[in-house]
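Fold and contact review
In case you want the letters, here they are:
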Amino acid sequence: MTDDARQTPAPAPTTLGELRSTGATATPVKSELRANLLARLAAGEPSLPGIVGFEDTVVPEVERALLAGHDLVLLGERGQGKTRLIRTLVGLFDEWTPVLIGSELNEHPMAPVSVWAQRQVAEHGDATPVGWLHRSDRFGEKLATPDTSVGDLIGDVDPIKVAEGRTLGDPETVHYGLVPRTNRGIFSINELPDLAERIQVALLNVLEERDVQIRGYRVRLPLDLLLVASANPEDYTNRGRIITPLKDRFGAEVRTHYPLELADEIRLLHQEAQTSWGGVTTGTGSGGLDAPVVPEHLVEIVARFTRLVRESSHVDQRSGVSARFAIAGLETIAASAVRRAAVAGETQPVARVVDLPSIVPASRGKVEFADAGSDDDDDREVEVLEHLLRQATAQTFRARCAGFDLTGLQEHFTAGEVVESGELVPAAALLGQLGTIPKLAELLGRLGVPEGEQSAEQAAAAVEFALEGLYLTRRLAKDTDGSRTVYGA
């Protein structure tokens, strides 16, 4: 969820008197975020680590909103990292903060807001017990759905407490919702337009007066929190809208976007895709597989493919193409390599060009096509994705192998020889059909494989990429039949 890493152990429990003796004060949430953000900026540290591609666009806008003490709404298509960005904000809190032990509202011992907390301090004075709350617990989140109620967000009368003998007017009969329970933290509402308009009204006081109203109770709870919402642009989501008074109360609106540069797309894939899980056992035997390797040129192909899909006229651009499309594709390629290694008896799974077609069926459901609907459209969608994947491969080949002499490899086919590959053809079998390959080490270096890592599996991945590039530039022919691929003159 949020940053769960405990960099330092929690301080020992203490009392209100001991806390006062340290000179501690109750710092408002937005002041705490502002101070820690300024400290990071002054030290030259990234303010929102792990956020890729927003450094010169979105991040400065978010920084200005935090420094101004504004609640904010992030607008952008799906899969642009809005939720990730919101969760990263929690890292700007102090690692540990004091709280009243037993408080439902995470109240600061020196600034109690509920009737219960005020009574605790009045009764126990300096002996009031104090605990510590980690910053990862100072985050609340709700996905807005049409069935979300005011009680879910703000609170409602607790019938059990009433049944215990308390009067209906007693503030302690209230069961607090998610927003009050995130007091002294960050509360996030994802897909805010999906929240019914009458429920959005309940948030007006939270954003402006910083308090809550529950079923006519005279409950004065001066909440201390940062409210952040996310939404798709209104011209895309027709399910609802953000009511005008609520939009007016957000201090900042920040537009997100997909990575603008190919390098950022690649960085994002390296950061998010799970392609190098640990060694995998192969059944009941003693053998196993090393962690899969996806060569850098295949990562680039997936990144280019994703960008081409986003730009395609066949794709509904209003819905966008999520970063999860690329991440799932890269993970599928790694899984395809592992499957081949397990079947063919290889110990080192290395992804190859032959694994690329597995992306299309796995990721097709992540793309909204324009005017989709019929069975013929289904076939057309597959053709579109396959065509764009070939384009991405050709672009990567030209970018990485421009000016590289592949005539030595191409000469293998002058006497009518062919090379057969496929998703289950092991590296040794592929290389064995070619014999000595001129300039192989130089080709591997061109594709970013360090000299000490130039294994047979890496060599097979490089050679297959070169063969595919020669085919795409019309210097070789290719015949594909199911999982079997044959290259020839």
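The paragraphs below set out a description of the structure included in this document. Numbering of residues begins from 1 in every chain and follows the order in which that chain's sequence is written. With the structure being a predicted model, the display of local features is reserved for residues of pLDDT at least 70 and the display and counting of side-chain atom pairs for 80 or more, all residues being used for whole-chain, interface and lining totals. With hydrogens and water set aside, each side-chain value is computed from the structure's full complement of heavy atoms.

**Thoughts on the environment of P129**
Looking at the element boundaries, P129 is found in strand β4 (residues 129–134). Throughout, exposure labels follow a simple rule: accessible area from a 1.4 Å probe, protein chains only, divided by the maximum for the residue type, with under 20% read as buried, over 50% as exposed, and the rest as partly exposed. Classification of P129 by relative accessible area gives partly exposed; the value is 32%. Here the alpha-carbon distance between P129 and G102, two residues 27 residues apart in the chain, equals 9.2 Å. In this structure, P129 is in contact with T14, V99, L100 and I101, ignoring residues within four places of it in sequence. In this description a helix means any DSSP run of H or I spanning at least four residues, a strand means any run of E spanning at least two, and both kinds are numbered starting from the N terminus. Whether two residues are in contact is decided by their heavy atoms: any pair within 4.5 Å suffices.

**Brief notes about the pairing of strand β14 (residues 477–481)**
At least two DSSP bridges between two strands are needed for those strands to be called paired. Note that β14 and strand β15 (residues 484–488) share 5 bridges and pair antiparallel. Considered in β15, the bridge of A477 is made with G488.

**Some details on the packing of helix α2 (residues 29–43) against helix α3 (residues 58–68)**
To define axes, lines are fitted to C-alpha atoms, for helices over the stretch in contact only, and angles between the resulting N-to-C directions are given on a 0 to 180 degree scale. Running from N to C, α2 and α3 point in directions that differ by 135°, and their axes come no closer than 9 Å. In terms of orientation, α2 lies oblique with respect to α3. By crossing handedness, the relation of α2 to α3 is classed as left-handed. Contact residues: R34, L37, L38 and L41 in α2; E63, L66, L67 and A68 in α3. Here the angle decides the label: under 35 degrees means roughly parallel, over 145 means roughly antiparallel, 65 to 115 means roughly perpendicular, and every other value means oblique. Left-handed is the label given to a crossing in which the near helix is rotated counterclockwise from the far helix by less than a right angle, and right-handed is the label when the rotation is clockwise.

**Thoughts on the environment of A402**
Mapping A402 onto the fold places it in the loop between α16 (375–401) and α17 (407–410). Measuring from C-alpha to C-alpha, the distance between A402 and L153 comes to 58 Å, with 249 residues separating the pair along the chain. Those residues in contact with A402 that lie beyond four places of it in its chain are F397 and R446.

**Examining the side chain of E63**
Tracing the backbone through its elements, the reader meets E63 in helix α3. Here E63 sits buried without a salt bridge, and the closest side chain of opposite charge, R64, lies 6.6 Å off (N-O distance). Polar contacts, as used here, are pairs of N or O atoms within 3.5 Å; protein pairs need one atom able to donate a hydrogen and one able to accept it. Residues neighboring in sequence count only if both atoms are side-chain atoms. Looking at E63, its side chain comes within polar contact range of the side chain of S47, at 2.5 Å. Those residues in contact with E63, other than ones at most four positions away along the chain, are L37, L41 and S47. The sign given to each residue is positive for Lys and Arg and negative for Asp and Glu; His and the chain ends receive no count. One side-chain nitrogen of Lys or Arg within 4 Å of one carboxyl oxygen of Asp or Glu is enough to make a salt bridge.

**Remarks on the pattern of salt bridges**
Summed over the entire model, instances satisfying the criterion amount to 20 salt bridges. The salt bridge involving E141 is made with R87; its shortest N-O contact spans 2.9 Å. Within this pair, whereas E141 is found in strand β5 (residues 139–143), its partner R87 is found in helix α4 (residues 82–88), the two being separated by 54 residues in sequence. Measuring nitrogen to oxygen at the nearest pair gives 3.4 Å for the salt bridge that ties R352 to E464. Taken together, the residues R352 in the loop between α14 (323–344) and α15 (359–363) and E464 in helix α20 (residues 456–472) connect sequence positions 112 residues apart. E464 carries the same exposure label as R352, and that label is buried.

**A short note on the sheet that holds β4**
Taken together, 3 strands build an open sheet; the order of strands is β1-β4-β3 and the sheet is antiparallel. Two strands in the sheet have a free side with no partner beyond their single neighbour: β1 (14–15) and β3 (96–100). As paired elements, β1 and β4 share 2 bridges and run antiparallel to each other. The partner of T15 across the bridge, within β4, is P129.

**Describing the packing of aromatic side chains**
Aromatic rings from Phe, Tyr and Trp, taking only the six-membered ring of Trp, are treated as a pair when their centres fall within 6.5 Å; an angle between ring planes under 30 degrees marks them as stacked, one over 60 as edge-to-face, and anything in between as tilted. Tallying each qualifying case throughout the model produces 2 aromatic pairs. Aromatic side chains F305 and F325 sit 5.5 Å apart centroid to centroid with 45° between the ring planes, which places their arrangement in the tilted category. In this pair, F305 sits in helix α13 (residues 296–311) while F325 sits in helix α14, placing the two residues 20 residues apart along the sequence. You'll find F305 and F325 in the same group, each marked buried. Seen from their ring centres, F397 and F465 are 5.8 Å apart, and the 70° between their planes marks the pair as edge-to-face. In this pair, F397 sits in helix α16 while F465 sits in helix α20, placing the two residues 68 residues apart along the sequence. Classification of F397 by relative accessible area gives buried; the value is 4%. R138 extends its terminal NZ or CZ atom over the ring of F93, reaching a point 3.9 Å from the ring centre. Ring-over charges, as used throughout, are those where CZ of Arg or NZ of Lys falls within 6 Å of the ring centre and within 35 degrees of the ring normal. Between R310 and the ring centre of Y258, over which it is positioned, the NZ or CZ distance is 4.0 Å.

**Observations concerning unusual backbone geometry**
In this structure, N106 is a non-glycine residue whose phi angle is positive, near 55°. Along the chain, N106 falls in the loop between β3 and α5 (115–124). Here the phi dihedral of E191 falls at roughly 55°; this positive angle occurs in a residue that is not glycine. Residue position: E191 is located in the loop between β8 (185–190) and α9 (197–201).

**Some points on the nonpolar core**
Within this scheme, the nonpolar core is defined by two criteria: the residues are buried Ala, Val, Leu, Ile, Met, Phe, Trp, Tyr or Cys, and they are joined through side-chain atoms within 4.5 Å. Residues F305 and V309 are the most contacted members of the largest nonpolar core, which totals 61 residues. Elements represented by at least two residues in this core include exactly α12 (262–272), α13, α14, α15, α16, α18 (427–432), α19 (440–446) and α20. Dropping the residues within four chain positions of it, V309 is found in contact with V315, Q317, V321, F325, V367, L385 and L388. In terms of nonpolar packing, the next biggest core, distinct from the first, is built from 31 residues, Y176, A231, L246 and F250 among them.

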